[in-house]
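# Descriptive structure summary
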Amino acid sequence: MTTFEVWLTMGGKGWYVWGALGMTLLALLAEWWVLRLQRRALLRPSQDDTWDMGLESS
Amino acid sequence: MGTRVNWFYFAAPSRCYRLAQRLQPWLLAAALVLAAWGLYWGLWLAPTDAQQGEVYRIVFVHVPAAWMSMVIYLAMAGWAAVGLVWRSRLSHMMAQALAPTGALMTFVALWTGALWGQPTWGTWWVWDARLTSELLLLFLYLGYMALHASIEDVDRADRAASLLAIVGAINVPVIYFSVVWWNTLHQGASIGPSGSSMAEPMLRALLVMVAAAWCYTLAAVLARLRVILLKRERHTAWATRVLQAQETNA
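Given the structure is predicted, the values throughout are model-derived calculations rather than measurements.

### Considering the overall build of chain A
- Scanning chain A from terminus to terminus reveals two helices and zero strands.
- Here chain A holds 58 residues, and the buried ones make up 14% of them.

Spelled out as structure tokens, the structure:
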């Protein structure tokens, strides 16, 4: 195994380490995505009540 | 005679909005740079832990998230108290802007803790004082947001949610001192006022990641504060101008 492969597998605990980092990244990206939806929802005054969840009604 | 600083200058919603708009991109950029730097140090340069092996590297995300979850709650309770005492709308908006990021940090701390606990303790979860009080913190954040969203009148929602935030603040010292007060499976603090038990390269990476978490939190909270300000101040001239400008750019 190369040094990079050893690092990537994290001594056999790669799923835990990369899983923790990947999940954190996804959670942070989700936060900005929701913020973006909320900003967009502000431009549609009639859809006021969907704002809190950052959802757009049909 | 020194120059007198008017601390209330940015208490005006329009000025606060402009300040948040200016600071937010810089804070987000700083968070990205610091996180890249901290992760490079933490995942690549820091040595393997003699006892825990490679899995200890989860602490570079877990510890900053756990610290921020507590700091954000204290800040939220503080703004809520200021809002209640001085009837300042902006303080309530700050508290409201802090809650979702605090909940997210708590969730990340719990989840990454479980991913560290399984290979280290042999279990994803134990009803240990530290873990249980941190879970309670998540419920407090969710309760604050749910209570605020469930009351239609904004002033009443602010007051009710603020009370919950202030009462819940008692949980923060319980989380922090839980490993001292009770016999817990969770390890004690590695960093304290008297120093650190961590190796220097590990500590350096951790502190950089903590700085990244601070910058990220401030950026996310300011971004949310801008949305809240525009929503609540929609009827004012400045907010209308900002919304019209955004509509033109969209």
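### Looking at the packing of helix α2 (residues 59-86) of chain B against helix α7 (residues 200-232) of chain B
Residues and elements named next belong to chain B.
- Where α2 meets α7, the closest approach of the two axes is 9 Å, and the angle between their N-to-C directions is 45°. It follows from the interaxial angle that α2 and α7 lie oblique. Remark: the crossing between α2 and α7 carries right-handed chirality. Contact residues: α2 offers V59, F60, V63, P64, A65, W67, M68 and I72, while α7 offers A205, L206, M209, V210, A213 and T217.

### Observations regarding the interface of chain A and chain B
- Between chain A and chain B, the residue contacts involve 20 residues of the former and 27 residues of the latter.
- At 13 residues, helix α2 (residues 14-42) of chain A tops the list of elements feeding residues into the side of chain A that touches chain B.
- By residue class, the composition of the side of chain A that touches chain B is twelve nonpolar, four polar and four charged.

### Let's talk about the nonpolar core
- Grouped together as the largest cluster of nonpolar side chains are 69 residues, with contacts concentrated most on B:I58, B:M76 and B:L98.
- Going through the elements one at a time, α2 of chain A together with α1 (13-45), α2, α3 (89-121), α4 (129-150), α5 (154-168) and α7 of chain B are the ones with two or more residues in this core.
- Broken down by element, the residue count for this core peaks at 17 residues, all from α7(B).
- Every residue in contact with B:M76, bar those within four places of it in the chain, is listed here: B:A95, B:L98, B:A99, B:G102 and B:A165.

### Regarding the environment of B:W182
Residue and element names in this part refer to chain B.
- Considering the arrangement of structural elements, one finds W182 in the loop between α6 (171-181) and β1 (191-192).
- Taking the C-beta count within 10 Å as the criterion, W182 has 13 such neighbours and is therefore assigned partly exposed.
- Sequence-wise, W182 and R130 are 52 residues apart; in three dimensions their C-alpha atoms are separated by 9.0 Å.

### Quick look at α4(B)
All names here are of chain B.
- Here α4 contains 22 residues, and its C-alpha end-to-end distance of 31 Å stays within 8% of the 32 Å for a straight helix at 1.5 Å per residue.
- Listed in full, the buried residues belonging to α4 are A129, R130, L131, E134, L137, L140, Y141, Y144 and H148.
- The inward-facing, buried residues of α4 abut α2, α3, α5 and α6.

### Observations concerning the confidence of the model for chain B
- Per-residue confidence for chain B averages 92 on the pLDDT scale, and 98% of its residues sit at or above 70.
- Here the predicted complex scores 0.90 on pTM and 0.87 on ipTM.

### Quick notes on the confidence of the model for chain A
- When pLDDT is averaged across chain A, the result is 80; 76% of the residues are at 70 or more.
- Across residues 54-58 of chain A the pLDDT falls below 50, and counting only partners more than four positions away or on other chains, this stretch makes eleven contacts in the model.

### Description of the environment of A:L26
- Relative to the assigned elements, A:L26 resides in helix α2.
- With 10 C-beta atoms counted inside 10 Å, the residue A:L26 sits in the exposed group.

### Looking at α2(B)
- Across its 28 residues, α2(B) extends 40 Å between first and last C-alpha, which sits within 8% of the 40 Å expected from 1.5 Å per residue.
- B:R87 sits one or two positions beyond α2(B) and adopts a positive phi of about 50°.

### A few points about the packing of α2(A) against α7(B)
- Direction vectors running N to C along α2(A) and α7(B) enclose 20°, while the axes themselves pass 10 Å from each other. As judged from the angle between their axes, α2(A) and α7(B) are roughly parallel. As α2(A) runs across α7(B), the sense of the crossing is left-handed. Taken together, the residues of α7(B) that come into contact with α2(A) (itself represented by A:E31, A:L35, A:Q38, A:R39 and A:L42) are B:A220, B:A223, B:R224, B:V227, B:L230 and B:K231.

Here is what the cut-offs are and how they apply
Residues numbered from 1 in each chain as written. Chains lettered and ligands numbered in written order. Predicted model: local features only at pLDDT ≥ 70, side-chain atom pairs only at ≥ 80, totals over all residues. Helix = DSSP H or I, 4+ residues; strand = E, 2+ residues; numbered from the N terminus. Buried ≥ 20, exposed ≤ 12 C-beta atoms within 10 Å, placed from the backbone. Axes fitted to C-alpha atoms, helices over the stretch in contact; angles between N-to-C directions. Parallel < 35°, antiparallel > 145°, perpendicular 65-115°, else oblique. Left-handed = near helix turned anticlockwise from the far one by under 90°. Contact = placed C-beta atoms within 7 Å. Nonpolar A, V, L, I, M, F, W, Y, C, P; charged D, E, K, R; others polar. Core = buried A, V, L, I, M, F, W, Y, C linked by C-beta atoms within 7 Å. Expected span 1.5 Å × (residues − 1). pLDDT = per-residue confidence, 0-100.

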